[in-house]
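Overview (structure and organization)
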Amino acid sequence: MIRAKFVLAAVAAWVAAPAWAQAPNLDHSDYTRADVEAGQRLYSVQCQICHGANGDNIQGIDLKFGKFRRVSNDEDIVRTLTTGIPGVGMPAFSFQPPQLTAIVAFIRAGFDPTSAAVRVGNMERGRALFDGKAQCATCHRVNGRGPLTAPDLSDIGSLRTLGTLQRTMLEPPASLQPIHRPVRIVTRSGETLRGRRLNEDTSTVQLIDDHEQLRSFVKADLKQYAIETVATMPSYKDRLSADETADLVAYLISLKGL
Ligand code: HEC
Ligand code: HEC
């Protein structure tokens, strides 16, 4: 009987949730600073008593660092706040949509009003975009599938922050990791090739060339060795909507190795 009630409550919240989802923020800055600040005020009054000033009072959950037990995307957080989690002590709140947005913004900004809050969308939709329409998989490898011409992203979710992942898609050159800079090589025999470095020391360099072949060179044997600064990762700023970007961010942070 109690269980049935909970299911009903969950369905009601699910129906209510799209009101928030229907008004997507098309600005890539996602949440505004005003959202984050409003969220901070709500958090200190409504949540801090249980979750603590740093968001890590409850075992297994660290709101500030985005560590959760059940939720993964922003819609999940909204749903959790609206329905509560029956039986475990997380109460249901009756917040208005702008208040829900504000609290999620504060959590996604890592509790820091001076930091940008990145929206985290739906992981499954992000995966579909990655493999399909956005064509990320034509360059990147994930969990053993895909080409080697661009960096392997299998554990990118444990290496980069939300902000860095989002920036990489919207303005790639700004976040180009030095090791990822493409190199251009001309060998003594006159062969010219471009590639991506896997390793480099003072005298040798190992790279994956445009044909996905692993090549190793002694630098002293090369006629030319240039490190380019232009990113080959295309910018998706005008190609993805804010919702699609949020979905891809959700997929990328879920990649934490096998
Ligand atoms: C009365 C104590 C209490 C208050 C107040 C409270 N929470 Fe919780 N919350 C909990 C408990 C306990 C859990 C853990 C449930 C579990 O997973 O066992 C939880 C879980 C959550 C989760 C899910 C985390 C996950 O791992 O999936 C989120 C998100 C959350 N709370 C956010 C908030 C926010 C934001 C507020 C303020 C609006 C808030 N809570 C207020 C006790 C509270
Ligand atoms: C044309 C090939 C190509 C496509 C398509 C492409 N990328 Fe990239 N990506 C690269 C290359 C090459 C790099 C390495 C940096 C550079 O050269 O710009 C990179 C870097 C990255 C990084 C940073 C890796 C790190 O270690 O920080 C991420 C994350 C990333 N890409 C995600 C994506 C996503 C998501 C998509 C689809 C929306 C995508 N890429 C589409 C080629 C591509």
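Residues numbered from 1 in each chain as written. Chains lettered and ligands numbered in written order. Predicted model: local features only at pLDDT ≥ 70, side-chain atom pairs only at ≥ 80, totals over all residues. Heavy atoms only, no water.

The iron atom of ligand 2 binds to the protein through H140 (NE2) and M233 (SD); the donor distances cover 2.0 to 2.1 Å. Given 6 donor atoms and angles of 88 to 179° at the metal, the environment of the iron atom of ligand 2 is assigned as octahedral. Here H140, found in the loop between α7 (123-131) and α8 (156-159), pairs with M233, found in the loop between β5 (222-227) and α10 (242-254); they are 93 residues apart in sequence, far enough to count as distant. Classification of M233 by relative accessible area gives partly exposed; the value is 25%. (Donors = N, O, S within 2.8 Å, 3.2 Å for Na, K, Ca; no water. Tetrahedral: all angles 85-135°; square planar, octahedral: opposite > 155°, others 65-115°. Helix = DSSP H or I, 4+ residues; strand = E, 2+ residues; numbered from the N terminus. Buried < 20%, exposed > 50% of the residue type's maximum accessible area, 1.4 Å probe, protein only.)

So, about the side chain of H140. We classify H140 as buried; its relative accessible area is 11%. Of note is the side chain of H140, whose polar atom sits 2.8 Å from the backbone oxygen of P151. Dropping the residues within four chain positions of it, H140 is found in contact with F130, R145, G146, P147, A150, P151, L153 and M233. (Polar contact = N/O pair within 3.5 Å; in protein donor to acceptor, adjacent residues only side chain to side chain. Contact = heavy atoms within 4.5 Å.)

Ideal values differ by geometry: the angle at a metal is 109.5 degrees with four tetrahedral donors, but 90 or 180 degrees with six octahedral donors. At 2.0 to 2.2 Å from the iron atom of ligand 1 lie its protein donor atoms, namely H51 (NE2) and M90 (SD). Because the angles between the 6 donor atoms bound to the iron atom of ligand 1 fall within 87 to 179°, the donor set is best described as octahedral. Placement of H51 in helix α4 (residues 48-51) and of M90 in the loop between α5 (74-83) and α6 (97-108) is noted, with a sequence separation of 39 residues between them.

Right, let's talk about the pairing of strand β1 (residues 182-187) for a bit. By the criterion of burial, β1 is predominantly enclosed, with 5 of the 6 residues buried. With 5 bridges connecting them, β1 and strand β2 (residues 192-200) associate as antiparallel partners. Bridge pairing in β2 places P182 opposite R196. Note: β1 against β5, 5 bridges, orientation antiparallel. Within β5, the residue paired with T187 across the bridge is L222. (Pairing = 2+ DSSP bridges.)

Spatially, 5 strands are ordered β4-β3-β2-β1-β5 in an open sheet, and the strand pairing comes out antiparallel. Only two strands of the sheet have a single neighbouring strand rather than two, namely β4 (214-218) and β5. Looking at each pair of strands side by side, their axes are set apart by 40° on average, direction ignored. (Axes fitted to C-alpha atoms, helices over the stretch in contact; angles between N-to-C directions.)

With 24 residues, the main nonpolar core has V36, Y43, I77, L81, F95, I103 and F111 as its most contacted residues. Listed by contribution, the elements that provide at least two residues to this core are α3 (33-46), α5 and α6. By size, the runner-up hydrophobic cluster in this structure holds 20 residues, among which are V120, A134, C136 and M169. (Core = buried A, V, L, I, M, F, W, Y, C linked by side-chain atoms within 4.5 Å.)

This brings us to the site of ligand 1. In the vicinity of ligand 1 there are 20 residues, among which C47, C50, H51, R69 and M90 approach most closely. Within the side chain of H51, an N or O atom sits 2.7 Å from a nitrogen atom of ligand 1. Measuring from an oxygen atom of ligand 1, one finds a backbone N or O atom of V71 at 2.9 Å. Secondary structure elements with two or more residues in the shell around ligand 1: α4 and α5. (Near = heavy atom within 4 Å.)

Bringing the site of ligand 2 into the picture now. Near ligand 2 you find 24 residues, and of these C136, C139, H140, R160 and M233 are the closest. R160 places a side-chain nitrogen or oxygen 2.6 Å from an oxygen atom of ligand 2. Separating an oxygen atom of ligand 2 from a backbone N or O atom of M233 is a distance of 3.1 Å. Of all the secondary structure elements, the ones that give two or more residues to the shell around ligand 2 are α9 (162-170) and α10. For the shell around ligand 2, the element with the highest residue contribution is α9, accounting for 3 residues. Looking at the shell around ligand 2 residue by residue, the classes come out as 17 nonpolar, 6 polar and 1 charged. (Nonpolar A, V, L, I, M, F, W, Y, C, P; charged D, E, K, R; others polar.)

This paragraph deals with the packing of aromatic side chains. Aromatic rings in a pair are described by how distant their centres are and how their planes are angled relative to each other. This structure, assessed with the given rule, holds 5 aromatic pairs. Taken together, a centroid distance of 5.1 Å and an interplanar angle of 10° make the contact between F93 and F95 stacked. One exposure class covers both F93 and F95, and it is buried. Every member of this aromatic cluster is reached through a ring pair, and the members are Y43, F106 and F111. Residue placement shows R239 over the ring face of Y236; its charged tip is 4.4 Å from the ring centre. (Phe/Tyr/Trp six-rings, centres within 6.5 Å; stacked < 30°, edge-to-face > 60°. Lys NZ or Arg CZ within 6 Å of the ring centre and 35° of its normal.)

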